[in-house]
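# Structural overview
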Amino acid sequence: MSFITTPDVAVRSSLAWLRESIASLQGPALVALIYFLGAEAAFYIGTLSDQIFALFWPPNVVLFCALLIAPQRRW
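It should be emphasised that the depicted structure is a prediction, and the values quoted were computed from it without experimental measurement.

Cut-offs applied
Residues numbered from 1 in each chain as written. Predicted model: local features only at pLDDT ≥ 70, side-chain atom pairs only at ≥ 80, totals over all residues. Heavy atoms only, no water. Helix = DSSP H or I, 4+ residues; strand = E, 2+ residues; numbered from the N terminus. Buried < 20%, exposed > 50% of the residue type's maximum accessible area, 1.4 Å probe, protein only. Areas by Shrake-Rupley, 256 points an atom, 1.4 Å probe, with all protein chains shown as cover. Patch = residues over 30% accessible without salt bridge, like charges linked within 9 Å, V, L, I, M, F, W, Y side chains within 5 Å. Salt bridge = Lys/Arg side-chain N within 4 Å of Asp/Glu carboxyl O.

### Focus: the overall build of the protein chain
- Within the protein chain, the regular secondary structure consists of 2 helices and 0 strands.
- Within the span of the protein chain, comprising 75 residues, buried residues form 7% of the whole.
- Total accessible area on the protein chain stands at roughly 6,900 Å², and carbon and sulfur atoms take up 71% of it.

Have a look at this one:
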């Protein structure tokens, strides 16, 4: 026989908080990953030739698009 028959309310609430925290960080983590990959691609393209001059920094385009998509209250 188990001493604990019902789940502890504190444990349930902390697990719910953890799930919500992880869910709210998925978007920023994805943007950070894409920003990193964009920076690596820009560095790779920049090292191919001295003749290439980028008018924009590709990772900044990623951030700009993320800010356009996300609601302003979430910035």
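Back to the write-up after that little detour.
### Points about the environment of Leu-63
- Here Leu-63 is to be found in helix 2 (residues 58–69).
- For Leu-63, a relative accessible area of 36% corresponds to the partly exposed category.
- Spatially, the C-alpha atoms of Leu-63 and Tyr-35 are 7.3 Å apart, while their sequence positions differ by 28 residues.

### A closer look at a nonpolar patch on the surface
- Residues Leu-30, Leu-33, Ile-34, Phe-36 and Leu-37 make up a contiguous nonpolar surface patch of about 480 Å² in total accessible area.
- Mapped onto the elements of the fold, Leu-30 is located in helix 1 (residues 9–48).
- Judged by relative accessible area, which is 48%, Leu-30 ranks as partly exposed.

### Quick notes on the environment of Ala-32
- As for its position among the elements, Ala-32 is in helix 1.
- Along the sequence, Ala-32 and Leu-63 sit 31 residues apart, while their C-alpha atoms lie 8.8 Å from each other.

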